Amino acid sequence: MTTPPMVSIRDFRLVRQTRGGTLLVLDDVSFDVADREFVAIVGPSGCGKTTLLKSIDGLIPRTSGEIAVNGTVVDRPGPDRGFVFQMDSLFPWRTVLANIRLGLEARSGDRATKNRTARDLAALVGLQGFEDHYPHQLSGGMRQRVNVARALAVDPQVLLMDEPFSSLDAQTREVLQEELLRIWSERSKTVIFVTHQIDEAAYLADRVIVLSARPGRVRASIPIELPRPRTLELKRTPEFIAIVDRIWQEIELNDSGRAARDADETQEARVNHA
Amino acid sequence: MTDARTDVASPRLAGGRGEPSPPVRARKPWWHRIGLTTSRRRALISLLIGVAIWEFVARVLVDGSLFFVPLTDVVRAGYDLTLTGELQHHAWVSFQEFFYGLLLAVLVGVPLGMAVGISTRVRDYVQPWISGFYSTPLIALAPLFILWLGIGIVSKVAVVFAMALFPITINTTAGIKNTDQDLIDVARAFGYSRTDIFRKVLLPSALSFIVTGFRLAVGRGIVAVVVAEFFGSRGGLGYLILVSSQSFAMDRLLLAVLLLAFTGVIGIGLVGRLERRLAPWREDMTV
Ligand SMILES: Nc1ncnc2c1ncn2[C@@H]1O[C@H](COP(=O)(O)OP(=O)(O)OP(=O)(O)O)[C@@H](O)[C@H]1O
Ligand SMILES: [Mg+2]
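Remember, predicted model here, so these are calculated numbers, not experimental data. (Residues numbered from 1 in each chain as written. Chains lettered and ligands numbered in written order. Predicted model: local features only at pLDDT ≥ 70, side-chain atom pairs only at ≥ 80, totals over all residues. Heavy atoms only, no water.)

**Q** Help me understand the overall build of chain B in this model?
**A** Broken down by element type, chain B carries twelve helices and zero strands. Starting at the N terminus and walking to the C terminus, you meet the elements of chain B as α-α-α-α-α-α-α-α-α-α-α-α. Counting all 287 residues of chain B, 39% fall into the buried class. Contacts in chain B between residues far apart in sequence, at least 24 positions, make up 70% of those at least 6 positions apart. (Helix = DSSP H or I, 4+ residues; strand = E, 2+ residues; numbered from the N terminus. Buried < 20%, exposed > 50% of the residue type's maximum accessible area, 1.4 Å probe, protein only. Contact = heavy atoms within 4.5 Å.)

Written out as structure tokens, the structure reads:
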């Protein structure tokens, strides 16, 4: 490979201070994400996925190791990255439009252009007609869409998404997945996408990274060699199901691997799964 | 509510739908059109019942105007005192004391509360004083203020200020502290400067707490005016209460009390209006 990676994570380790002392959240995490690559991260709850994503955004001070985006070491948020928060952290005192405009307001440019951009994005995520609503007047799914639109509005090179579709019903989720793939390929973005849904990871990503339980370490990096453009029918093909199964195996191996230190159950777990 | 799923329908479906259709408007009775909403009508009925009970108790149950008088007597006293100009004078004196004291408390209390909320250093230095003063019955210091500043308006303004300052400061601090960390992170992720985070996140988020501080301050301010005037004054509604009680003029005493209550209601109503103006995104809650 000659092109440098868009995101490069080296020996990353993160310790958090808590009331009860220090907590090792991430340990020895290293991986690269290529330009225009779509990487999904899966792992058990509390393993440090959000922490990792926030670290890439520069929101959390690092402990040791290094994260570089576009060749520059990350030490604070920057306009090259956009973050979709896990909780749809919308500003309750701002309307849908003003929430989408939030990131644009920190930049130069005239207000009319910013409003137009925000309006276009509201339409893109299917919220036209709701621009003047306040968050409390929206359903959970609509709030999530504002959340996504807000990150897209600043047109970042790297999109960091923390379970953005988690509170959506299956139907809306699929529509937004398709939209996301379209935006990703049309606007040539790099995406790092955290999810709990294995099939979502496999459907969207070029590669799925499996993190272990806390402290989070990279357990596996599984390339998804399914053809693009991907359609929803893909989800019912045997190839797709085989890949989902493969990811499941990695996750369970990783769980039973821990248990095996106490009792030698590794074989049994594999057999049970099969 | 309708099925929640209609809200999260796919964008394709939502696309053509646009604005949700306005609610069907029911015909409203005539008294709505003159501003008498359902809740105002209920308030009015409740007040009228109160007035009737007052009139009944004063005319039938209590005899002797030494201790209690009917509302109609109070109204007449109000009419007489207005004709002589005394009532306007007392009301104006009290209003000034109240207004300037409260204004000063807002001007000092809001920035102070913000500083305490934002800076750990300021908090460490200032917090012990705030806690100390807030738990002191400052009204008990009113005689001291009068000794120091005389029986004119200045001493009353000082007492009102002292009483109103702490609820405003404490609530402002609480508002800043209550800001959702996620919202601050969103602003940081977008590269907002510290000033912008303050202006666009902390301030709007703290607003409802600050307004609650104002509301408490209005109540305490009225108490402060009256009590301070008791301890030494030449005018004001508190002064009117004091001299009326000494001469057993129940009608005038009750008149002053009613006016004070009225001021409180108006003041709190104005704060509520301010709140709706500043925070239109808030809605009445349903329990
Ligand atoms: N602000 C914080 N201070 C201290 N510890 C924290 C903080 N935020 C998270 N943690 C801890 O770090 C660990 C990882 O949290 P993180 O939110 O990254 O998990 P996650 O993988 O995103 O989980 P989930 O899938 O449930 O969202 C958890 O054990 C959590 O308790
Ligand atoms: Mg998380």
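Right, picking up where we left off after that structure.
**Q** Even after reading the chapter, I still don't get the site of ligand 1, so can you show me in this structure?
**A** Residues and elements named next belong to chain A. Neighbouring ligand 1 are 16 residues, the closest being S45, K49, T50, T51 and R214. Within the side chain of T51, a nitrogen or oxygen atom sits 2.5 Å from an oxygen atom of ligand 1. Take R214: an N or O atom from its side chain is 2.8 Å from an oxygen atom of ligand 1. Look at ligand 1: alone it shows 630 Å² of surface, and the protein chains cover 68% of it. Elements that contribute at least two residues to the shell around ligand 1 include exactly strand 1 (7-18), strand 2 (21-33) and helix 1 (49-57). (Near = heavy atom within 4 Å. Polar contact = N/O pair within 3.5 Å; in protein donor to acceptor, adjacent residues only side chain to side chain. Areas by Shrake-Rupley, 256 points an atom, 1.4 Å probe, with all protein chains shown as cover.)

**Q** What am I meant to see in the UniProt feature "transmembrane region" (unreviewed entry) in chain B here?
**A** Per the UniProt entry, the sites bearing "transmembrane region" (unreviewed entry) are residues 43-62, 98-118, 130-151, 157-176, 222-241 and 253-272 of chain B in this numbering. In residues 130-151 of chain B, helix accounts for 64% and strand for 0%; the two terminal C-alpha atoms are 27 Å from one another. (UniProt positions renumbered as here; feature names shortened; annotations may be inferred.)

**Q** Help me understand the domain arrangement of chain B, please; the structure alone is not making it clear to me.
**A** Accessible area lost when the parts come together is the quantity often used to give the size of an interface. All names here are of chain B. Per the domain assignment, the segments of chain B are domain 1 (31-61) and domain 2 (67-284). Inter-centroid distance (C-alpha atoms) of domain 1 to domain 2 is 28 Å. With six residues of domain 1 at the interface, the matching set in domain 2 holds nine residues. Summing both partners gives a buried area of about 600 Å² for domain 1 against domain 2, and 75% of it is carried by carbon and sulfur. The largest share of the area that domain 1 buries against domain 2 comes from W54, E55 and A58, three residues that together contribute 75% of it. On the surface where domain 1 and domain 2 come into contact, there are zero salt bridges. Along the contact surface separating domain 1 from domain 2 lie four residue pairs in polar contact (both at pLDDT 80 or more). Considering only residue class, the side of domain 1 that touches domain 2 consists of four nonpolar, no polar and two charged. (Domains from an automatic or database assignment. Buried area = accessible area lost by both parts, 1.4 Å probe. Salt bridge = Lys/Arg side-chain N within 4 Å of Asp/Glu carboxyl O. Nonpolar A, V, L, I, M, F, W, Y, C, P; charged D, E, K, R; others polar.)

**Q** Hey, could you run me through the confidence of the model for chain A in this one?
**A** If pLDDT is low for a region, its predicted coordinates should not be looked at in detail. Of the residues in chain A, 92% reach a pLDDT of 70 or more, and the chain-wide mean stands at 87. In the model, residues 259-274 of chain A has pLDDT below 50 throughout and makes nine contacts with residues more than four positions away in sequence or in other chains. (pLDDT = per-residue confidence, 0-100.)

**Q** How do you make sense of the coordination of the magnesium ion (ligand 2) when you look at a structure like this?
**A** When four donors bind a metal tetrahedrally, each ideal donor-metal-donor angle is 109.5 degrees, and when six bind octahedrally, the ideal angles are 90 or 180 degrees. Residue and element names in this part refer to chain A. Protein coordination of the magnesium ion (ligand 2) is provided by T50 (OG1) and Q86 (OE1), with donor distances spanning 1.9 to 2.3 Å. Residue T50 is found in helix 1, and its partner Q86 is found in the loop between strand 6 (81-84) and helix 2 (96-101); the two are separated by 36 residues along the sequence. Note on T50: relative accessible area 25%, which makes it partly exposed. (Donors = N, O, S within 2.8 Å, 3.2 Å for Na, K, Ca; no water.)

**Q** What's the story with the sheet that holds strand 2 of chain A in this structure? I'm lost.
**A** Each strand in a sheet pairs with its neighbour through backbone hydrogen bonds, running either in the same direction (parallel) or in the opposite one (antiparallel). With respect to topology, four strands assemble into an open sheet ordered 2-1-4-5 (chain A), the strand pairing being antiparallel. The sheet is open, and its two borders are formed by strand 2 and strand 5 (72-73) of chain A, each paired with just one other strand. (Pairing = 2+ DSSP bridges.)

**Q** Help me understand unusual backbone geometry in this model?
**A** Most peptide bonds take the trans configuration, and most residues that are not glycine carry a negative phi. Residue and element names in this part refer to chain A. With an omega dihedral of 0°, the bond running from R214 to P215 counts as a cis peptide bond. The residue P215 is located in the loop between strand 9 (207-211) and strand 10 (218-223) in this model. In this structure, the amide linkage connecting R228 to the following residue, P229, adopts the cis form with an omega of -5°. Here P229 shows up in the loop between strand 10 and helix 7 (238-260). Positive phi, close to 45°, is recorded for D11, a residue that is not glycine. Among the structural elements, D11 can be located in strand 1.

**Q** Got a minute to help me understand helix 8 (residues 153-177) of chain B in this structure?
**A** The α-helix winds at 3.6 residues per turn, so residues separated by three or four positions along the chain end up facing the same way. Residue and element names in this part refer to chain B. Compared with an ideal rise of 1.5 Å per residue, which puts 25 residues at 36 Å, helix 8 spans 36 Å between its outermost C-alpha atoms and is within 8% of the ideal. At A164, helix 8 is deflected by roughly 30°, the largest bend along its length, and proline P167 occurs up to four residues later in sequence. Buried residues dominate helix 8, accounting for 19 of its 25 residues. (Expected span 1.5 Å × (residues − 1). Bend = angle between axes of the 7 residues up to and from the residue.)

**Q** Sorry if this is basic, but what is going on with the UniProt feature "domain: ABC transmembrane type-1" (unreviewed entry) in chain B here?
**A** Per the UniProt record, "domain: ABC transmembrane type-1" (unreviewed entry) is annotated on residues 91-272 of chain B. Overall, residues 91-272 of chain B shows 86% helix and 0% strand. The separation of its end C-alpha atoms is 23 Å.

**Q** When you look at the side chain of R94 of chain A in this model, what are you seeing that I'm missing?
**A** Here R94 of chain A is to be found in the loop between strand 6 and helix 2. What makes R94 of chain A buried here is its relative accessible area of 9%. Within polar-contact distance, the side chain of R94 of chain A engages the backbone oxygen of A98 of chain A at 2.8 Å. The contact partners of R94 of chain A, leaving out residues within four places of it in the chain, are N99, L102, E105, Y134 and P135 of chain A together with K200 of chain B.

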